[in-house]
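Spelled out from the first residue to the last, the chains are:
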Amino acid sequence: ICKGCVLANYLREEEQGIESTCAFCRTVVPKTSAECKLNRTKRIEKNDPAAMREEGGRRVAKKDFGRALELWTKAAEQGDADAHYQLSIMKYFDARAVKNTKKELYHMEEAAIRGHPDARYNLGCHERRNGRSERAVKHFIIAAKLGCDHSIQALKRCYVGGDVSKEDFAAALRAHQAAVDATKSLQREAAELAKDHFWFKI
């Protein structure tokens, strides 16, 4: 569910004077933070990867890195792309984390395979740092096609350096623009403008 849909659902409910529900499943939205926490806990107990990923982020904010690692690991085991990605960059959250390049790369690759653009971009950076420009360019092109702005900047540098052809660079630019355009809508633009005026997170 995109931000535009969330806002449209909220405005519809306000106009009709009906109870607020989730834009995705139409379940009544919890009215207190305690209810939210209880619902999230129930979903975690049922091994919901999205709930575990969300709670993992909350644990990081509280510096509870051990619990975050546990939750993200469980979510990743169920194939959650973002959980894999978070595990690949865990060292940036927790300065005490033991550096394990092999494990980081594993999670980065798993996230990339599942369509995570930032993970794909990071793989490209890893390959470029290790002198494998051809493989790096392939990763950057895939990420660019997913709408990753960083990858377009990386491809520009590769083009200047002679590591990517003019044709491939032009094709990547077109694909990137198509991906960006596909995420645009009047509703999403309205949601972005309105995000600071609502009590809920759009």
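This text goes with the structure placed above it.
The residue numbers shown here count from 1 along each chain, following its written sequence. Since the coordinates come from a predicted model, pLDDT governs what is reported: local features require at least 70, and pairs of side-chain atoms require 80 or more to be given and counted, while whole-chain, interface and lining totals use all residues. For side-chain calculations, the full set of non-hydrogen atoms in the structure is used, while hydrogens and water are omitted.

J.: Please give an account of the packing of helix α9 (residues 133-145) against helix α11 (residues 166-182) that cites residues and values.
T.: Helix axes use the C-alpha atoms of the stretch in contact, all axes being lines fitted to C-alpha atoms, and the angles between their N-to-C directions lie in the range 0 to 180 degrees. In this text, helices come from DSSP runs of H or I with a minimum length of four residues, and strands from runs of E with a minimum of two, each type numbered from the N-terminal end. Where α9 contacts α11, the axes come no closer than 7 Å and their chain directions differ by 30 degrees. Classed by the angle they form, the pair α9 and α11 counts as roughly parallel. Touching Ile-141, Ala-144 and Lys-145 of α9 are Asp-168, Ala-172, Ala-175, His-176 and Ala-179, all from α11. Amino acid classes used here: Ala, Val, Leu, Ile, Met, Phe, Trp, Tyr, Cys and Pro are nonpolar; Asp, Glu, Lys and Arg are charged; the rest, including Gly, are polar. Here the residues of the contact of α9 with α11 are counted per class, giving five nonpolar, one polar and two charged. Angle categories are assigned with fixed cut-offs, so that under 35 degrees is roughly parallel, over 145 is roughly antiparallel, 65 to 115 is roughly perpendicular, and the rest are oblique. Pairs of residues are marked as contacts when any of their non-hydrogen atoms sit within 4.5 Å.

J.: Outline the side chain of Glu-104, listing residues and values.
T.: Tracing the sequence through the fold places Glu-104 in helix α7 (residues 101-113). Its relative accessible area of 11% is what places Glu-104 among the buried residues. Any pair of nitrogen or oxygen atoms within 3.5 Å is treated as a polar contact; in protein, a donor-acceptor pairing is required on top of that, and neighbouring residues in sequence qualify only through side-chain atoms on both sides. Within the structure, Glu-104 has its side chain in polar contact with the side chain of Lys-91 (distance 3.4 Å). Residues within four places of Glu-104 in sequence aside, it is in contact with Ser-88, Lys-91 and Lys-99. Burial classes: relative accessible area under 20% of the type maximum marks a residue as buried, over 50% as exposed, and values in between as partly exposed (1.4 Å probe, protein chains only).

J.: Which residues make up the packing of aromatic side chains, and what values go with them?
T.: The rule is short: rings of Phe, Tyr and Trp, with Trp giving its six-membered ring, pair when the centres are within 6.5 Å, and they are stacked under 30 degrees, edge-to-face over 60, tilted in between. In total, this model carries two aromatic pairs according to the counting rule given. Pairing Tyr-121 with Phe-140 gives two aromatic rings, centres 5.7 Å apart and planes at 40 degrees, and the pair type is tilted. Here the residue Tyr-121 occupies a position in helix α8 (residues 117-129), and Phe-140 occupies one in helix α9, the gap between them amounting to 19 residues. Taking relative accessible area as the criterion, Tyr-121 reaches 15% and is therefore assigned buried. The buried category is assigned to Phe-140, whose relative accessible area is 1%. Plain terms: the ring middles of Tyr-159 and Phe-169 are 5.1 Å apart, the flat faces sit at 20 degrees to each other, and that makes the pair stacked. Remark: Phe-169 occurs in helix α11 and Tyr-159 occurs in helix α10 (residues 149-160); sequence separation between them is ten residues. Judged by relative accessible area, which is 34%, Tyr-159 ranks as partly exposed.

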